Amino acid sequence: DQQVKQNSPSLSVQEGRISILNCDYTNSMFDYFLWYKKYPAEGPTFLISISSIKDKNEDGRFTVFLNKSAKHLSLHIVPSQPGDSAVYFCAANDANAGGTSYGKLTFGQGTILTVHP
Amino acid sequence: EAGVAQSPRYKIIEKRQSVAFWCNPISGHATLYWYQQILGQGPKLLIQFQNNGVVDDSQLPKDRFSAERLKGVDSTLKIQPAKLEDSAVYLCASSLVEAKNIQYFGAGTRLSVL
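The structure contained in this document is the topic of the report that follows.

### Examining the overall build of chain B
At step 1: The number of helices and strands found in chain B is 0 helices and 11 strands.
At step 2: Secondary structure elements of chain B, listed N to C terminal, follow the sequence β-β-β-β-β-β-β-β-β-β-β.
At step 3: Whereas a compact globule of 114 residues would reach a radius of gyration of roughly 13 Å, chain B reaches 13 Å, a difference of no more than 12%.
At step 4: Considered along the principal axes of its C-alpha atoms, chain B spans approximately 40 × 25 × 25 Å.
At step 5: The contacts of chain B with a sequence gap of at least 6 include a subset with a gap of at least 24, amounting to 54%.
At step 6: One finds the centroid of the 13 positive side-chain charges in chain B at a distance of 5 Å from the centroid of its 10 negative side-chain charges.

### Quick word on the overall build of chain A
At step 1: Helix and strand counts for chain A come out as 0 helices and 11 strands.
At step 2: Helices and strands in chain A line up, N terminus first, as β-β-β-β-β-β-β-β-β-β-β.
At step 3: Against the 2.2 N^0.38 benchmark of 13 Å for 117 residues, chain A shows a C-alpha radius of gyration of 14 Å, consistent with a compact globule.
At step 4: Its C-alpha atoms give chain A principal-axis dimensions of about 45 × 30 × 25 Å.
At step 5: The 117 residues of chain A split such that 44% are buried.
At step 6: Contacts spanning at least 24 positions in sequence make up 56% of the contacts within chain A whose residues lie at least 6 apart.
At step 7: Split by element, the accessible area of chain A, about 5600 Å² in all, is 50% carbon and sulfur.
At step 8: Positive and negative side-chain charges of chain A, numbering 10 and 10 respectively, have mean locations separated by a distance of 2 Å.

### Points about the state of the cysteines
At step 1: One pass over the structure, following the stated rule, counts 2 disulfides over all chains.
At step 2: Note that Cys23 of chain A is cross-linked by a disulfide to Cys90 of chain A, the S-S spacing being 2.1 Å. With the S-S dihedral at roughly -70 degrees, the linkage between Cys23 of chain A and Cys90 of chain A falls on the left-handed side. Remark: Cys90 of chain A occurs in strand 9 (residues 86-93) and Cys23 of chain A occurs in strand 3 (residues 19-25); sequence separation between them is 67 residues. Cys90 of chain A shares its class with Cys23 of chain A; the two are buried.
At step 3: A disulfide bridge connects Cys23 of chain B with Cys92 of chain B, and the sulfur atoms are separated by 1.9 Å.

### Regarding the interface of chain A and chain B
At step 1: With 21 residues of chain A at the interface, the matching set in chain B holds 25 residues.
At step 2: Approximately 1700 Å² of surface area, both sides summed, lies buried where chain A meets chain B, with 55% of it carried by carbon and sulfur atoms.
At step 3: Between chain A and chain B we count 1 salt bridge in total.
At step 4: One salt bridge connects Asp56 of chain B with Lys104 of chain A, and the closest N-O pair in it is separated by 3.6 Å.
At step 5: The tally of links from chain A across to chain B stands at 5 residue pairs in polar contact (both at pLDDT 80 or more).
At step 6: Counting only elements with at least two residues in the side of chain A that touches chain B, the list comes to strand 4 (32-38) and strand 9 of chain A.
At step 7: Per element, the largest residue contribution to the side of chain A that touches chain B is 4 residues, and it comes from strand 4 of chain A.
At step 8: Class assignment of the residues belonging to the side of chain A that touches chain B gives a composition of 11 nonpolar, 7 polar and 3 charged.

What counts and how
- Residues numbered from 1 in each chain as written.
- Chains lettered and ligands numbered in written order.
- Predicted model: local features only at pLDDT ≥ 70, side-chain atom pairs only at ≥ 80, totals over all residues.
- Heavy atoms only, no water.
- Helix = DSSP H or I, 4+ residues; strand = E, 2+ residues; numbered from the N terminus.
- Rg over C-alpha atoms; globule rule 2.2 N^0.38 Å.
- Contact = heavy atoms within 4.5 Å.
- Lys, Arg positive; Asp, Glu negative; His and termini not counted.
- Charge placed at Lys NZ, Arg CZ, Asp CG, Glu CD.
- Buried < 20%, exposed > 50% of the residue type's maximum accessible area, 1.4 Å probe, protein only.
- Areas by Shrake-Rupley, 256 points an atom, 1.4 Å probe, with all protein chains shown as cover.
- Disulfide = S-S within 2.5 Å.
- Buried area = accessible area lost by both parts, 1.4 Å probe.
- Salt bridge = Lys/Arg side-chain N within 4 Å of Asp/Glu carboxyl O.
- Polar contact = N/O pair within 3.5 Å; in protein donor to acceptor, adjacent residues only side chain to side chain.
- Nonpolar A, V, L, I, M, F, W, Y, C, P; charged D, E, K, R; others polar.

What follows is the structure in structure tokens.
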């Protein structure tokens, strides 16, 4: 049972254009969402997050949108740069669970983003 | 600030052999995680420690996998005996207790079981 899904295995975008990466989840208890970026031969690095009390969070070129009713979130990168080429993972957590659940991230399968010069 | 250190980077073994991975978290991070990432999938949490105690090992195949963090700093993950399906990247991560959602990952150990 995959609770976090990234249905697009890959995305190709021209430099300077917008990249939109999508993520869907099924567990209604999830209330904190994160995006991680991974370069080859490196571990994932935290990029941006959003709590379920918000519907948008922005950090420079990166914006995450959350639609709780649709159980959907998206990451927008504007403008896209060749250095953004990486695998992007969506992750979710039930931050209010406390105890053993807090910190237990559930990851999607990842989307490979390629930004062409 | 030094990141999460893992060794070895690569390991090739035959099935039924044993293998161990080592992790040194970021200094001051009391929470440590081991993840398994199979090719084409996202990381899956195997075990979570806080200091030297296990917080969650519900997804650890305990018949063959074991992990310890004896002094609350370094950690080792062991597989004995290994199966073909254990081929994966094993990632270690650490975080502050008060910010467990922001986890910092090491580069991982790529295990190939032949």
